[in-house]
Amino acid sequence: QVQLVESGGGLVQAGGSLRLSCAASGRTFSSYAMGWFRQAPGKEREFVAAISWSGGNTDYADSVKGRFTISRDNAKNTVYLQMNSLKPEDTAVYYCAAGSAPYTVIYLRARAYDYWGQGTQVTISS
């Protein structure tokens, strides 16, 4: 069992930055692929970024590529999402997720992840 708690959301102006954190409980954090997803009002949950258990593989949605960076610290059981050059269309609730299936199978498939956090609100003003 893995419990995930996101933090770091807030209100920033367009062009600003935020760093989201996702703290995980459980001894097997390092064996999980981790992903960030987001859901804006009236829209479906969408893939943002993912990282393999070792950190050796990362993937990003086209909409955030070059602006967002996912990373993890397995010693701290934490995954991060550094978000730069934020845009109003980045406004959403951001969720982190943990998945035990092979990274190449699950990384952008929300339904393939096993555990989810409660989400943190990110609001970008224009």
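Below: a short report on this structure.

Thresholds applied
Residues numbered from 1 in each chain as written. Predicted model: local features only at pLDDT ≥ 70, side-chain atom pairs only at ≥ 80, totals over all residues. Heavy atoms only, no water. Disulfide = S-S within 2.5 Å. Helix = DSSP H or I, 4+ residues; strand = E, 2+ residues; numbered from the N terminus. Salt bridge = Lys/Arg side-chain N within 4 Å of Asp/Glu carboxyl O. Buried < 20%, exposed > 50% of the residue type's maximum accessible area, 1.4 Å probe, protein only. Pairing = 2+ DSSP bridges. Axes fitted to C-alpha atoms, helices over the stretch in contact; angles between N-to-C directions.

## A closer look at the state of the cysteines
Think of a disulfide as a covalent bridge from one cysteine sulfur atom to another cysteine sulfur atom.
Point 1. Tallied over the full model, the rule gives 1 disulfide.
Point 2. Between the sulfur of Cys22 and that of Cys96 lies a disulfide, 1.9 Å long from S to S. An S-S torsion of about 45° defines the bridge between Cys22 and Cys96 as right-handed. Of this pair, Cys22 sits in strand β3 (residues 18-24) while Cys96 sits in strand β9 (residues 92-99), and the two are 74 residues apart along the sequence.

## What about the pattern of salt bridges?
Point 1. As enumerated under the stated definition, the model contains 4 salt bridges in all.
Point 2. With a closest N to O distance of 3.2 Å, Asp62 and Lys65 form a salt bridge. As far as burial versus exposure is concerned, Asp62 and Lys65 are alike and both exposed.
Point 3. The salt bridge involving Asp90 is made with Arg67; its shortest N-O contact spans 2.8 Å. In this pair, Asp90 sits in the loop between β8 (78-83) and β9 while Arg67 sits in the loop between β6 (58-60) and β7 (68-73), placing the two residues 23 residues apart along the sequence. Of the two residues, Asp90 and Arg67, neither departs from the other in class, the shared state being buried.
Point 4. Overlapping salt bridges bring together Arg38, Glu46, Arg67 and Asp90 as one network.

## Quick look at the sheet that holds strand β1 (residues 4-7)
Point 1. With respect to topology, 4 strands assemble into an open sheet ordered β1-β3-β8-β7, the strand pairing being antiparallel. Two strands in the sheet have a free side with no partner beyond their single neighbour: β1 and β7. Sheet twist, expressed as the mean angle between neighbouring strand axes with direction ignored, is 15°.
Point 2. In this sheet, β8 lies alongside β3 in antiparallel orientation, the contact comprising 6 bridges. For Ala23, the partnering residue across the bridge sits in β8 and is Thr78.

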